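Below, each chain spelled out in residue letters.
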Protein chains: 2
Amino acid sequence: MDMHDLTRQLQAKNDTKIVMFVADGLGGLPQYPGGLTELETAKTPNLDALAKRGVLGSSIPVKPGISPGSGPGHLGLFGYDPLQYLIGRGALEATGIGFELQEGDVAIRANFCTIDAAGNITDRRAGRIASEDSAPLAIKLRAVSIPGVQVFVEPVKEHRFVVVFRGPGLGGHMADTDPQATGVPPLEPRATNPDSEKTVQVATEFMKQAKKILAGHSKANCCTLRGVSAKPNPPSYEEVYGLKAGAIAVYPMYKGLARLVGMDILGNAQTLDDQMTVLEENWSKYDFFFIHFKYTDSTGEDGNFDAKVKRTEEVDGCIPRIMALKPDVFICTGDHSTPSMLASHSWHPVPTLLVAENCRTDACETFGESECLRGGLGQFEAKYLMILALANAGRLAKFGA
Amino acid sequence: MDMHDLTRQLQAKNDTKIVMFVADGLGGLPQYPGGLTELETAKTPNLDALAKRGVLGSSIPVKPGISPGSGPGHLGLFGYDPLQYLIGRGALEATGIGFELQEGDVAIRANFCTIDAAGNITDRRAGRIASEDSAPLAIKLRAVSIPGVQVFVEPVKEHRFVVVFRGPGLGGHMADTDPQATGVPPLEPRATNPDSEKTVQVATEFMKQAKKILAGHSKANCCTLRGVSAKPNPPSYEEVYGLKAGAIAVYPMYKGLARLVGMDILGNAQTLDDQMTVLEENWSKYDFFFIHFKYTDSTGEDGNFDAKVKRTEEVDGCIPRIMALKPDVFICTGDHSTPSMLASHSWHPVPTLLVAENCRTDACETFGESECLRGGLGQFEAKYLMILALANAGRLAKFGA
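Note on numbering: residues in each chain are counted from 1, in written sequence order. Whichever chain is written first becomes A and whichever ligand is written first becomes 1, with later ones labelled in order. Only residues with pLDDT of at least 70 get local features here, since the model is predicted, and only at 80 or more are side-chain atom pairs given and counted; chain-wide, interface and lining totals rely on the full set of residues. Only hydrogens and water are removed before side-chain values are computed, so all heavy atoms of the structure are retained for them.

Enquirer: Teacher, can you tell me more about the overall build of chain A here?
Expert: If you tally the helices and strands in chain A, you get 14 helices and 13 strands. Computed over its C-alpha atoms, the radius of gyration of chain A comes to 23 Å, within 12% of the 21 Å expected for a compact globule of 401 residues. Counting only C-alpha atoms, chain A reaches 70 × 50 × 35 Å along its principal axes. Relative accessibility under 20% of the residue-type maximum defines a buried residue, over 50% an exposed one, and the middle range a partly exposed one, all with a 1.4 Å probe and only protein chains included. Within the span of chain A, comprising 401 residues, buried residues form 59% of the whole. The criterion used for residue contact is that any of the two residues' heavy atoms lie within 4.5 Å. The long-range fraction of contacts in chain A, counting pairs at least 24 apart against all pairs at least 6 apart in sequence, stands at 74%. Computed by Shrake-Rupley with a 1.4 Å probe, the accessible areas treat only the displayed protein chains as cover when residues are assessed. Accessible surface computed for chain A: about 15,600 Å², of which carbon and sulfur atoms make up 50%. A gap of 3 Å separates the mean positions of the 40 positive and 47 negative side-chain charges of chain A. Each helix corresponds to a stretch of at least 4 residues labelled H or I by DSSP, and each strand to a stretch of at least 2 residues labelled E; elements are numbered beginning at the N terminus. Based on C-alpha atoms, the radius of gyration is set beside the globule rule, defined as 2.2 Å times the residue count to the power 0.38. When charges are counted, Lys and Arg contribute as positive and Asp and Glu as negative, whereas His and the chain ends are disregarded. Note that the charge is assigned to NZ on lysines, CZ on arginines, CG on aspartates and CD on glutamates.

Enquirer: Quick question: what am I supposed to make of a nonpolar patch on the surface here?
Expert: All names here are of chain B. Residues enter patches when their relative accessible area tops 30% and they take part in no salt bridge; the joining distance is 9 Å for like charges and 5 Å for the nonpolar side chains Val, Leu, Ile, Met, Phe, Trp and Tyr. By salt bridge we mean one thing: a side-chain nitrogen of Lys or Arg within 4 Å of a carboxyl oxygen of Asp or Glu. On the surface, a cluster of nonpolar side chains totalling about 290 Å² of accessible area is made up of Met-341, Leu-342 and Trp-347. Relative to the helices and strands, Trp-347 is located in the loop between β11 (329-333) and β12 (350-356). By relative accessible area, Trp-347 is classed as partly exposed at 41%.

Enquirer: It is not clear to me how the pairing of strand β5 (residues 150-157) of chain A should be interpreted in this structure. Could you clarify?
Expert: Regular strands place their side chains on alternate faces of the sheet. The pairing criterion is simple: DSSP has to find at least two bridges between the two strands. With 7 bridges joining them, β5 of chain A and strand β6 (residues 160-166) of chain A adopt antiparallel strand pairing. Opposite Pro-155 of chain A, over in β6 of chain A, you have Phe-161 of chain A as the bridge partner.

Enquirer: Teacher, can you tell me more about the side chain of Asn-111 of chain A here?
Expert: Position of Asn-111 of chain A relative to the elements: it lies in strand β3 (residues 106-115). Not counting residues within four places of it along the chain, the set of residues in contact with Asn-111 of chain A comprises Arg-124, His-159, Arg-160, Phe-161, Asp-178, Cys-222, Cys-223, Thr-224 and Arg-226 of chain A.

Enquirer: Is there a simple way to think about the environment of Ser-59 of chain A in this case?
Expert: Residue and element names in this part refer to chain A. With respect to the helices and strands, Ser-59 occurs in strand β2 (residues 55-60). For the pair formed by Ser-59 and Gln-379, sequence separation is 320 residues and the distance between their alpha carbons is 5.8 Å. Each residue touching Ser-59, except ones within four places of it in the same chain, is listed here: Thr-333, Pro-349, Val-350, Thr-352, Phe-380 and Ala-382.

Enquirer: Would you take a moment to explain the interface of chain B and chain A for this structure?
Expert: Interfaces are often sized by the amount of accessible area the parts lose when they come together. Taken residue by residue, the interface counts 25 residues in chain B and 29 residues in chain A. Of the roughly 2,100 Å² buried between chain B and chain A on both sides combined, carbon and sulfur atoms contribute 67%. Buried area: the sum, over both parts, of the accessible surface (1.4 Å probe) that disappears when the two are put together. For the chain B face of the interface with chain A, the top three residues by lost area are Arg-360, Phe-399 and Ala-401 of chain B, together amounting to 36%. Across the contact surface, chain B and chain A share 0 salt bridges. In protein, a polar contact means a hydrogen-donor-capable atom and an acceptor-capable atom, both N or O and within 3.5 Å, with residues adjacent in sequence counting only if both atoms are side-chain atoms; elsewhere, any N or O pair within 3.5 Å suffices. On the surface where chain B and chain A come into contact, there are 8 residue pairs in polar contact (both at pLDDT 80 or more). When residues of the side of chain B that touches chain A are traced back to their parent elements, those giving at least two are α1 (3-10) and α14 (385-392) of chain B.

Enquirer: When you look at the environment of Gly-334 of chain A in this model, what are you seeing that I'm missing?
Expert: Residue and element names in this part refer to chain A. In this fold, Gly-334 is placed in the loop between β11 (329-333) and β12 (350-356). The class of Gly-334 is buried, set by a relative accessible area of 2%. For the pair formed by Gly-334 and Ala-382, sequence separation is 48 residues and the distance between their alpha carbons is 9.6 Å. When residues no more than four places from it in sequence are discounted, the contact partners of Gly-334 are Val-22, Ala-23, Leu-26, Leu-77, Val-350 and Pro-351.

Enquirer: It is not clear to me how the nonpolar core should be interpreted in this structure. Could you clarify?
Expert: Considering soluble globular proteins, one finds that nonpolar side chains tend to be buried as a cluster. If you look at the biggest cluster of nonpolar residues, it comprises 61 residues, and the most contacted ones within it are Ile-66 of chain A together with Tyr-80, Tyr-237, Met-263, Phe-288 and Leu-354 of chain B. Counting residues per element, this core draws most heavily on α14 of chain B, which supplies 7 residues. Once residues within four sequence positions are removed from consideration, Ile-66 of chain A is found in contact with Ser-346 and Trp-347 of chain A together with Met-3, Leu-6, Leu-10, Ile-387, Leu-396 and Phe-399 of chain B. Nonpolar cores are built from buried Ala, Val, Leu, Ile, Met, Phe, Trp, Tyr and Cys residues. Side-chain atoms within 4.5 Å join them into one set. In this structure, Tyr-80, Met-253, Leu-260 and Leu-390 of chain A belong to the second largest nonpolar core, which totals 48 residues.

Enquirer: Just checking my understanding: could you explain the pairing of strand β7 (residues 222-230) of chain B for this structure?
Expert: All names here are of chain B. The buried count for β7 comes to 8 of 9 residues, which makes it a mostly enclosed element. Where strand β3 (residues 106-115) lies against β7, 7 bridges are found, and the strand directions are antiparallel. Looking at β7, one finds that Ala-110 is bridged to Leu-225.

Enquirer: Mind showing me how you'd approach helix α6 (residues 131-140) of chain A here?
Expert: Residue and element names in this part refer to chain A. Looking only at α6, the buried set comprises Ser-134, Leu-137 and Ala-138. Looking straight down α6, one finds that the buried residues subtend no more than 100 degrees of arc, so they occupy a single side. Buried residues in α6 make contact with β3, β5, β6 and α7 (197-214). Relevant arc is that of directions from the helix axis to the C-beta atoms, nothing else.

Enquirer: Would you take a moment to explain the confidence of the model for chain A for this structure?
Expert: Interpretation of the predicted coordinates at a detailed level should be avoided for regions scoring low in pLDDT. Taken as a whole, chain A shows an average pLDDT of 96; of its residues, 100% reach a score of 70 or greater. For this predicted complex, the interface confidence reaches an ipTM of 0.90, while the overall pTM sits at 0.91. Each residue carries a pLDDT value, the predictor's own confidence for that position, ranging from 0 to 100.

Enquirer: It is not clear to me how the environment of Gly-71 of chain B should be interpreted in this structure. Could you clarify?
Expert: All names here are of chain B. In this structure, Gly-71 sits in helix α4 (residues 70-77). A sequence separation of 21 residues divides Gly-71 from Leu-92, and the C-alpha atoms of the two residues are 7.1 Å apart. Setting aside chain neighbours within four positions, we find Gly-71 in contact with Ile-87, Leu-92 and Leu-257.

Enquirer: What is the right way to read the sheet that holds strand β10 (residues 288-293) of chain B from this model?
Expert: Strands pair in a sheet through their backbones, by hydrogen bonds, and they do so in one of two ways: parallel or antiparallel. Residue and element names in this part refer to chain B. Here 8 strands make up an open sheet; going across it, the order is β9-β8-β10-β1-β11-β12-β2-β13 and the pairing mixed. Each edge of the open sheet carries a strand with a single partner, namely β9 (264-265) and β13 (378-381). As paired elements, strand β1 (residues 18-23) and β10 share 6 bridges and run parallel to each other. Its bridge partner being in β10, Phe-21 is matched across the sheet by Ile-291. The sheet contacts of α4 involve β1, β10 and β11, and relative to β1 the element is tilted by about 155 degrees. Lines are fitted to the C-alpha atoms to define the axes, a helix being fitted only along its stretch in contact, and any angle between axes, read from their N-to-C directions, falls within 0 to 180 degrees.

Enquirer: Would you explain the sheet that holds β12 of chain A in this entry?
Expert: All names here are of chain A. With respect to topology, 8 strands assemble into an open sheet ordered β9-β8-β10-β1-β11-β12-β2-β13, the strand pairing being mixed. For this open sheet the edge positions go to β9 (264-265) and β13 (378-381), each flanked by a neighbour on one side alone. Pairing of strand β8 (residues 245-248) with strand β10 (residues 288-293) involves 4 bridges; the strand directions are parallel. Within β10, the position partnered with Ala-245 by the bridge is Phe-288. Relative to β12, helix α3 (residues 45-53) is tilted by about 65 degrees, and along the sheet it contacts β2, β11 and β12. Lying over the sheet, helix α10 (residues 272-282) contacts β1 (18-23), β8 and β10, oriented at roughly 175 degrees with respect to β10.

Enquirer: Quick question: what am I supposed to make of α7 of chain A here?
Expert: Along an α-helix, residues three or four positions apart point the same way, because every turn accommodates 3.6 residues. Residue and element names in this part refer to chain A. By this rule the span expected of a helix is its residue count minus one, scaled by 1.5 Å. Taking 1.5 Å of rise per residue, the 18 residues of α7 would be expected to cover 26 Å, and the 26 Å separating its terminal C-alpha atoms lies within 8% of that figure. Every buried residue of α7 is accounted for by Thr-199, Val-200, Val-202, Ala-203, Phe-206, Met-207, Gln-209, Ala-210 and Leu-214. Structurally, α7 contributes buried residues whose contacts are with β3, α6, β5, β6 and β7 (222-230). Positive phi appears at Gly-216, one or two residues downstream of α7, with a value of about 90 degrees.

Structural data, given as structure tokens:
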């Protein structure tokens with residue numbers, strides 16, 4: 001039995017409010033053996049006070065040893081098994097720039113490249129063409145016209161852009177046309193499943209017209225298509241949990257991921273303060289709030305320990321405004337660890353805090369990686385966190401008689 | 001998605017070295033309530049020093065409460081789900097005596113027995129006939145000749161021997177011919193799956209000739225066939241992890257298990273010191289080393305607490321030679337617990353130590369069962385240990401974008 005079969009069956013409505021605060025990349029590593037992590041170094045009096053009242057644990061985003069990207073990291077926190085619900089690269093790229101994929105859409109991550117007179121690739125990334133040069137080219141490609149299919153082209157950054165085909169009968173199973181080599185032409189579009197023969201026809205026509213449009217442009221005169229993928233289709237929060245859910249995020253990627261599971265995107269916050277205001281304004285209208293904070297991850301990715309400490313303290317600073325609303329369940333966690341020492345996402349479990357009236361508190365005194373090891377939630381796969389949230393909100397009936 | 005689908009997709013090559021030291025049956029129990037286990041009693045200054053630097057946890061070999069044999073115990077440590085990759089008794093017995101099974105072979109664990117004039121079994125184990133009496137009989141059975149099939153017969157110990165059929169079209173699905181009772185004849189060979197009809201014909205002919213060969217021998221004049229099984233076929237370390245792996249073991253069983261997953265068998269060590277020398281000699285040639293130490297298990301099986309303590313101290317003594325090689329990831333664990341107080345394999349989680357530069361150390365000070373309970377690896381299924389090893393070696397790319 002799928003966990004969502006269980007939550008569908010057991011979900012109970014009430015007027016509780018759940019807040020899940022995701023400090024992206026929250027988990028870290030000490031700078032030297034025996035030292036403190038970023039979170040342990042940060043002054044977090046508000047989170048520490050909640051740690052005393054609540055229950056701590058360590059969240060394993062996917063499985064032990066697996067370092068997730070943002071897609072699987074968030075799906076796990078949202079309660080969707082990240083090994084079951086896979087988001088294709090094209091769909092994630094479209095999501096990341098805020099493109100609203102519709103049912104049946106096929107999204108593609110495209111690269112500008114250069115080819116020689118014989119049609120062979122000379123640079124797979126068009127010399128990492130500057131965004132100000134590539135964006136106008138992407139917009140030119142909007143002139144591609146294919147009967148019966150809507151074609152969307154969106155600039156991304158440098159050599160990257162997104163193509164979306166919209167129309168009946170398109171499948172997401174097409175191989176990359178990037179040959180991963182120079183001195184050879186782009187590969188012909190090829191279906192990896194019979195459901196995608198029409199996608200191949202559309203892609204072939206797209207490439208034919210794109211080459212004509214780009215011909216003669218010195219910086220990029222061709223492109224390749226990668227990560228072809230259909231819109232992922234996880235069931236909605238409303239359906240699996242009975243929750244009306246809203247997302248308060250700054251970056252398009254996280255708005256997009258929240259939209260995929262049926263959350264409403266609330267407000268247009270640019271700062272954490274704005275996000276708190278959006279939360280307050282929408283408090284009465286939703287059962288569940290996902291709040292995303294990016295900078296604990298980006299400072300970690302930059303390898304900047306001190307900056308990550310500071311960003312973590314910023315998170316702590318917003319806690320009073322959240323708790324003033326008296327959420328029935330408050331969770332603070334991350335979608336994965338991003339230790340500044342590694343300057344990348346990592347596999348290490350993520351410190352997690354849950355506060356609710358009946359959460360059965362533990363002996364933990366502060367919110368940090370080491371303290372979480374003796375927490376009452378133990379080590380758990382992230383996909384169970386939503387079920388714990390529902391339980392603590394009194395929103396799950398007894399299973400079996 | 002299978003975990004090996006994930007490691008196939010994410011594996012990244014580099015020049016790191018991983019050492020997994022398996023002290024067989026490492027976990028134990030105290031001799032009286034509140035006492036120390038064998039590992040906690042042993043003086044292990046080297047492992048304790050590593051415990052401070054590394055991260056500890058408790059490995060669950062199969063599932064909570066399951067006491068595994070050597071087969072599932074090691075498959076789990078090697079990262080193969082022991083509930084998915086089953087090794088038949090015949091195949092394990094053949095592996096245990098160092099018989100190199102080939103693709104398509106069918107292996108059988110056979111027992112000498114005695115029958116009366118009416119053909120009814122009088123002793124199912126031929127009075128636990130001594131090995132010096134049974135071995136010549138097993139060798140006599142090599143005279144069995146069946147057209148189109150190679151027949152191998154290998155003595156094992158007392159009433160036990162191994163039969164292997166090699167030829168096209170043989171399946172491993174045949175019921176035991178041991179009726180588990182005396183006063184009745186051995187059962188006729190019978191297929192449990194249509195793919196094994198030919199195996200039944202071959203087994204029937206084998207029994208006919210074997211009875212003739214054994215007729216008149218007073219100590220054992222018949223035999224039964226049990227645990228009929230095809231060669232298990234797990235994918236190789238090279239394929240699923242991208243690791244060139246070598247095994248340094250003394251006993252044939254563990255060499256055989258390592259060979260099953262594609263490890264090279266290194267050297268011909270008879271002692272732990274020899275094993276260290278083999279490790280040093282092969283250091284540059286492999287990415288991964290499996291070192292097997294048997295005596296923590298055999299002393300546990302003997303119910304000899306003090307001897308197990310001493311053998312554990314032997315393990316500690318070899319650690320400096322391993323660490324002098326500067327492995328990027330060093331793991332010390334067991335395939336299961338073998339508490340001397342039980343004199344058998346048990347279900348208790350196994351103390352596990354992992355040392356690597358970025359392992360996120362915990363508060364543990366020594367290597368022992370109780371200390372492992374507050375370790376950063378928590379309690380985890382053994383099958384995830386290889387993924388953790390790869391992650392800590394920087395050999396796994398990020399999952400999803």
